[in-house]
Amino acid sequence: MHAVVCIKQVPDATEVRIDPKTNTLVREGIPSIVNPYDLHAVEAAVQLREKYGGRVTVITMGPPQAAEALQKCIAQGADEAILLTDRGFAGADTLATSYVLAQAIRKLNAENPVDLVFTGKQAIDGDTAQVGPGIAARLGIPVLTYICAIRSFNLETREIVVERLLEEGREVVAARLPVLLTVTKELNEVRYASLPSMLRAARYQVRTWNKDDIEADPKQIGLKGSPTIVSRIFSPPQRQAGLQLAGPAPEVARELVEQLLQRGVLTA
Amino acid sequence: MPEKFDAIVVGAGPAGITAAYCLARDGLKVVMIERGEQPGTKNTMGGVLYRQMLDEVIPGFWKEAPLERHVIDQQWWLLSEDSAVKFGHRNSEHDKEPYNAFTVLRAKFDRWYAQQAVKQGALLITETVVTRLLRDSAGRVIGVETDRPDGELLADVVIVCEGANTLVLEASGIKPKPRADAMAVAVKEVISLPREVIENRFQIQGDQGAVIELFGDPTLGMVGNAFIYTNKDSLSVGLGAMISEFQRRRVHPHQLLERFKQHPVVAPLVAGGEIKEYMAHMIPEGGYEAMPPLYGDGFLVCGDAAGMVIAVHREGSNLAITSGRLAAETVVEAAEAGDFSARKLSAYREKLEQSFVLKDLRQYRHLTPMMERSPQFLGVYPGLLNRALQEFLTVDGVPKRQKEKQILRRILKERPVTALLGDAYRMWRALG
Ligand SMILES: Cc1cc2nc3c(=O)[nH]c(=O)nc-3n(C[C@H](O)[C@H](O)[C@H](O)COP(=O)(O)OP(=O)(O)OC[C@H]3O[C@@H](n4cnc5c(N)ncnc54)[C@H](O)[C@@H]3O)c2cc1C
Ligand SMILES: Cc1cc2nc3c(=O)[nH]c(=O)nc-3n(C[C@H](O)[C@H](O)[C@H](O)COP(=O)(O)OP(=O)(O)OC[C@H]3O[C@@H](n4cnc5c(N)ncnc54)[C@H](O)[C@@H]3O)c2cc1C
């Protein structure tokens, strides 16, 4: 089995603040972490490898310091990590990001056929949930989103059966490999890495690929390949707390009518 | 079978990073284990970093390291409730390369410093807590246990640099729990302000820095002090005092810090700033008498973990760095001899004796206990001095001779001559 997990380095959401004056994210001095959903994706891939053998490769597109995030995934049990980094990749939207990731997966597939591609359900900073489906569309493979359980996995029949977490319940679906899965936190519990894995990660040299390594079309990467225009970013205004009325029913009723009259909802 | 290293360093603060840096540079197989997400994320230091000691480890470090400002102006202010007597020094020698001291933000600095050790070949393991030292049947330390699965590691020698909170030394029976009167607690805020505002308020330019230590009212006269240090575009503002004193007075350090920032001489310095970080940390201020054993069969102890802090001079990181360097030197010699016994490792203590570390610690050993026994120093004198100067400087038609008499009478009422003489003698003795 060969699983490729796409991971993104994101600012630690518990520490992000929005500058009230400029309405932009204050990123300075905020520690970076692996997008939390992506750690569940790595865990799922590692668990499958532990059961069925094979390899887990993690990839990310990002600046050189994103190597730290990849190293963390090595500690979590991944076999290999590749950083896709190039000045030309900067300023990518979801379209350009999924293109670069898809190109890298094609190259990996040529080296060692890929059975599964994992992504998180969404990134906690960008929050679009588009990159996973975008990669699948480019690779022409099925995409199964919001995975909360893997029921069965069979390399011989090349079938996978999973549960999807939907608002109204769970949906059980089967697909043929290769397939792309976007995963939720309910899928598994992320392990506390062992000390030998931590040592392996500390010694591990992340491989890097640039735009030429993945034979990227210069028109489809970075700012040039990104048609998205961000017109404004803002934090939604805080909602006013509602009015609560308590007391004996007749009084509450009187007060309620009074309030509705005041607000012009009722007219006398 | 756990992996074996030449040396394991517990804690990646200034002491641990220095030890790992020197050992890796000299070709030993060394691993640093740090509980924080990154080196420095758990550190609180004010802080002033002195150049000399780190220059001995990485010559010219200050040209590359992420430092805030070089210190050219140092002040000591004695505060009463609403006034201050100020004393200070500024010189142009400290404005010249290679400089004397720098303000630093530890989250940035420690991270950079640890990377230098990694470049020398040290391994850095973060987010991992060392729980205790491992010993063989003869009681020799042979490695560490961590909170990770399969979490044991072996080594010829373990260098304990865990900082003020000495849980590993305590769990390993090397040191008892510290007493409340040997441990200070300090709180600190990083308050961001525009560069120009800082430079105007503190009369500095470019990368020049100013630091102020404040005594008396900020700690309600408890043994301790407050500080204001200038960073590039923020101030480090904090205060600390002995834990036993906080307990006795039933105040919380955070309340005191809030109060401090409203003091009439402090408020204008911090006005308009936005709080970026709030941190609390312990400082071992028991001094020489409270130090644990510095070495034993298979282990050494450096920095704050060994109680190497000279509170009056706000020195700690420099003692940590020097002790880390001397520990590494000792271990390199021990490795050459293939002998990690307490006898061989006792060379570490001798090296410390010959350096400023133990000389200074010994010189100041009576100071903190004396200050604790004599609350008048920080409790009475700052107020007395402020009132005396206020009276002296108030021009109200009272003849000067009469004024001097009034002031003297006031002083003698609060501290009789015998007490004054006694205090002078006590201070002179304590400064050794
Ligand atoms: C409207 C908009 C405009 C933007 N404009 C810019 C811009 O101009 N410049 C700029 O630098 N950024 C920009 N970004 C950010 C950047 O485009 C996105 O962060 C990125 O494309 C991923 O989208 P996402 O964060 O919504 O990820 P999602 O689609 O929510 O992520 C889902 C999953 O995809 C995978 N994934 C996502 N990103 C990566 C990656 N880089 N490497 C590997 N795996 C990944 C992860 O598994 C993740 O869990 C913009 C984002 C938005 C929403
Ligand atoms: C508010 C304040 C202001 C100060 N100001 C100054 C100043 O201006 N100048 C100065 O020189 N000194 C100052 N000091 C003192 C200075 O911070 C210390 O002396 C110095 O940090 C000691 O270095 P160290 O490496 O011994 O310990 P630390 O810097 O405390 O480093 C110890 C490291 O070990 C890690 N650790 C602890 N336990 C474990 C474990 N079990 N497993 C793994 N890792 C562990 C910690 O996370 C930490 O990173 C100040 C201290 C405080 C609190």
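Whatever comes next refers back to the structure up there.
Residues numbered from 1 in each chain as written. Chains lettered and ligands numbered in written order. Predicted model: local features only at pLDDT ≥ 70, side-chain atom pairs only at ≥ 80, totals over all residues. Heavy atoms only, no water.

### Topic: the site of ligand 1
Residues and elements named next belong to chain A. The test is simple: When at least one non-hydrogen atom of a residue lies within 4 Å of a molecule or strand, that residue is treated as near it. The definition of a polar contact used here is a pair of N or O atoms within 3.5 Å, where within protein one atom must be able to donate a hydrogen and the other to accept one, and adjacent residues in sequence count solely through side-chain atom pairs. Each accessible area is a Shrake-Rupley result for a 1.4 Å probe, and residues are judged covered by the shown protein chains and nothing else. Runs of E in the DSSP output that reach at least two residues are strands. Runs of H or I that reach at least four are helices, and both are numbered from the N terminus.
Near ligand 1 there are 27 residues, and of these Cys6, Lys8, Asp38, Ala92 and Thr128 occur at the shortest range. In this structure, an oxygen atom belonging to ligand 1 sits 2.5 Å away from a side-chain N or O atom of Asp38. Val131 places a main-chain nitrogen or oxygen 2.9 Å from an oxygen atom of ligand 1. Burial of ligand 1 by the surrounding chains reaches 78%, relative to a free accessible area of 920 Å². Elements supplying a minimum of two residues to the shell around ligand 1: strand 6 (55-61), helix 3 (94-111) and strand 8 (116-120).

### Concerning the nonpolar core
Applied cut-off: Residues belong to a common nonpolar core when they are buried Ala, Val, Leu, Ile, Met, Phe, Trp, Tyr or Cys residues joined through side-chain atoms within 4.5 Å. Throughout this description, buried means an accessible area under 20% of the type-specific maximum (1.4 Å probe, protein chains only), exposed means over 50%, and partly exposed covers the range between. Residues are treated as being in contact if the distance between any of their heavy atoms lies within 4.5 Å.
Core analysis: the largest hydrophobic core is formed by 141 residues, its most contacted members being A:Leu116, A:Phe118, B:Phe61, B:Ile159 and B:Met308. Examining the composition of this core, we find that nine residues originate from one element, helix 9 (residues 317-337) of chain B, more than from any other. Not counting the four nearest positions on each side in its chain, A:Leu116 is found in contact with A:Met1, A:His2, A:Ala3, A:Val4, A:Leu48, A:Phe153, A:Ile160, A:Leu177, A:Val179 and A:Leu181.

### So, the packing of helix 2 (residues 67-75) of chain A against helix 5 (residues 195-203) of chain A
All names here are of chain A. Under the convention used in this document: Only the stretch in contact is used when a helix axis is fitted, and all axes are lines through C-alpha atoms; the angle between N-to-C directions ranges over 0 to 180 degrees. Two helices crossing with the near one rotated counterclockwise from the far one by less than a right angle form a left-handed crossing, whereas a clockwise rotation gives a right-handed crossing.
Closest axis-to-axis distance for the helix 2/helix 5 pair is 7 Å, and the angle between their directions is 145°. For the element pair helix 2 and helix 5, the recorded crossing hand is right-handed. Between helix 2, through Gln71, Ile74 and Ala75, and helix 5, the contact on the second element is made entirely by Ser197, Met198, Arg200, Ala201 and Ala202.

### Notes on the site of ligand 2
Residues and elements named next belong to chain B. Basically, it comes down to this: As a working rule, the residues Ala, Val, Leu, Ile, Met, Phe, Trp, Tyr, Cys and Pro are called nonpolar, Asp, Glu, Lys and Arg charged, and the rest polar, with Gly in that last group. Domain segmentation is taken from an automatic or database assignment of domains.
In the vicinity of ligand 2, 34 residues are found, and the nearest of them are Glu34, Val48, Arg106, Asp304 and Ser317. Between an oxygen atom of ligand 2 and a main-chain N or O atom of Val48, the distance comes to 2.7 Å. Residue Val130 places a main-chain N or O atom 2.9 Å away from a nitrogen atom belonging to ligand 2. Contact with the protein chains hides 95% of the accessible area of ligand 2, taken as 990 Å² for the molecule alone. Of the residues that constitute the shell around ligand 2, the class distribution is 15 nonpolar, 11 polar and eight charged. Two domains each provide a minimum of three residues to the shell around ligand 2, namely domain 1 (4-67 + 104-175 + 292-354) and domain 2 (181-284).

### Looking at the interface of chain B and chain A
Put simply, the test is: Once two parts are brought into contact, the accessible area they lose, counted with a 1.4 Å probe and summed over both, makes up the buried area. Salt bridges are identified by distance alone: a Lys or Arg side-chain nitrogen within 4 Å of an Asp or Glu carboxyl oxygen.
The interface of chain B with chain A comprises 23 residues on the first partner and 14 residues on the second. Both sides together, the interface formed by chain B and chain A hides about 1500 Å², and carbon and sulfur atoms give 54% of it. Ranking the residues of chain B by area buried against chain A places B:Leu123, B:Ile125 and B:Arg148 at the top, with a combined share of 33%. Our count for the contact surface shared by chain B and chain A stands at three salt bridges. The partner of A:Glu68 in a salt bridge is B:Arg111, with the nearest N and O atoms 2.7 Å apart. Here chain B and chain A share six residue pairs in polar contact (both at pLDDT 80 or more) between them. Listed by contribution, the elements that provide at least two residues to the side of chain B that touches chain A are strand 7 (123-125), strand 10 (152-160) and strand 15 (274-284) of chain B. A per-class count over the side of chain B that touches chain A returns seven nonpolar, five polar and 11 charged.

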